[in-house]
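Residue-level structure breakdown
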Amino acid sequence: MAEDMIRADGLVKIYKTKETEVLALQGLDLSVETGELTAIIGNSGSGKSTFLNMIGGLDKPSAGSLFVAGQNLFTMSEKELVLYKRDTVGFVWQNNGRNMLPFLSAMENVMLPMNLSSTKHKHDKALELLEMVGMSHKKHSRMNMLSGGEQQRIAIAIALANSPKLLLADEPTGSVDFKTADFIFDVFTELNRNGQTILIVTHDMALSKKVRRVVAIRDGKISSERVLKEKYADRLKETNIDWRAEDTQDEYAVLDRAGRVQIPAELIEELSLNDNKVKITKKDNEIIITKP
């Protein structure tokens, strides 16, 4: 088996103000193997962006453990954290203003992270990355000369500048049209095919339905996982498939380390419970949950 690129155990994050405490993550357990392309979905406030920021070294957990590429993010010094963000992770933000410096050209933006490392042949590598995302013809363009989709494609090249072990993307198709979204996903797929580990946070239903593994977060914990059905695995580039409408994945509830499972809200509503109690029985190889 491949070793884990990400390993989170009992991850907790508490945000404190003078008046209240907000529990953003409530004992989240998740592992992502090296070489996986994984998507994270969840409603606003579910904790998915908090988790992504922790992996990116932008926020610190309150409790639990978090390892990325064998490095313990709990015990890192500030100097180690700077090196981690430079060498281990690349980040593609939804807001392009965080991806690019507006007074630099596309080429200069891609080369900028390399100036902070020992990367050789910076110009050649930057051009290669821009070609990979279909933006070499815009290498001299600044941010105000580019569309939102063009900026996002260049942002992927910037995130890959220092050859990170892990690529993180926060809503990478959230502000682009369907055609550009398909191109961006194709870039991610090709990168993953070449061994790049990628973790994407997305609301894009068509994108999430194409990913081999989708993890759903609800109330700060993993609630379910979706796995791409085999018959769709080799059809990602087919244009005659309506990825928003078709049932492309099998969904599985996830047991946490304490044996707890989250029941989907719509199923709980169908039980019409009078309180928060349910009856659990076992029949043959089935566990049955019923109203008392």
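These figures come from a predicted structure and were not determined experimentally. (Residues numbered from 1 in each chain as written. Predicted model: local features only at pLDDT ≥ 70, side-chain atom pairs only at ≥ 80, totals over all residues. Heavy atoms only, no water.)

**Some thoughts on the overall build of the chain**
The secondary structure content of the chain amounts to 9 helices and 13 strands. Taken over C-alpha atoms, the radius of gyration comes to 21 Å for the chain, in line with the 19 Å a tight globule of 292 residues would show. Viewed in the frame of its principal axes, the chain has a C-alpha envelope of about 70 × 50 × 40 Å. Every one of the 292 residues in the chain was classed for burial, and the buried ones make up 46%. Taking contacts inside the chain between residues at least 6 apart in sequence as the whole, the part at least 24 apart equals 65%. For the chain, the accessible area works out to roughly 16,000 Å², and carbon and sulfur atoms hold 50% of it. (Helix = DSSP H or I, 4+ residues; strand = E, 2+ residues; numbered from the N terminus. Rg over C-alpha atoms; globule rule 2.2 N^0.38 Å. Buried < 20%, exposed > 50% of the residue type's maximum accessible area, 1.4 Å probe, protein only. Contact = heavy atoms within 4.5 Å. Areas by Shrake-Rupley, 256 points an atom, 1.4 Å probe, with all protein chains shown as cover.)

**Points about the nonpolar core**
Of all hydrophobic cores here, the largest spans 47 residues; its most connected members are V110, L130, I154, I156, L167, F188 and L191. Membership of the second largest hydrophobic core comes to 29 residues, among which are L11, I55, V68 and L81. (Core = buried A, V, L, I, M, F, W, Y, C linked by side-chain atoms within 4.5 Å.)

**Concerning the sheet that holds strand β1 (residues 4-16)**
One open sheet accounts for 4 strands, arranged β2-β1-β4-β5; its pairing is antiparallel. What marks the edges here is a single partner per strand, and that holds for β2 (21-33) and β5 (71-72). Pairing geometry for β1 and β2, over 10 bridges, is antiparallel. If you follow Y15 over to β2, its bridge partner there is V22. (Pairing = 2+ DSSP bridges.)

**Describing the packing of aromatic side chains**
Enumeration over the complete set of coordinates arrives at 2 aromatic pairs. Between the aromatic rings of F91 and W93, the centroid separation amounts to 4.1 Å while the plane-to-plane angle is 5°, which identifies the pairing as stacked. Residue placement shows R98 over the ring face of W93; its charged tip is 3.5 Å from the ring centre. In this arrangement the basic side chain of R153 is found over the ring face of F183, its NZ or CZ atom lying 4.2 Å from the centre. (Phe/Tyr/Trp six-rings, centres within 6.5 Å; stacked < 30°, edge-to-face > 60°. Lys NZ or Arg CZ within 6 Å of the ring centre and 35° of its normal.)

**Things to note about the sheet that holds strand β10 (residues 221-228)**
Read across the sheet, 7 strands follow the order β6-β7-β8-β3-β9-β10-β11 without closing on themselves; strand pairing throughout is mixed. Of all strands in the sheet, those with a lone pairing partner are β6 (89-92) and β11 (249-253), marking the two edges. The mean angle between the axes of side-by-side strands here comes to 20°, regardless of whether they run parallel or antiparallel. The sheet contacts of helix α1 (residues 48-55) involve β3 (37-41), β6, β7 (166-170), β8 (197-201) and β9 (213-218), and relative to β7 the element is tilted by about 150°. Each of β3, β7 and β8 touches helix α6 (residues 178-193); the most contacted strand, β8, lies at about 150° to it. (Axes fitted to C-alpha atoms, helices over the stretch in contact; angles between N-to-C directions.)

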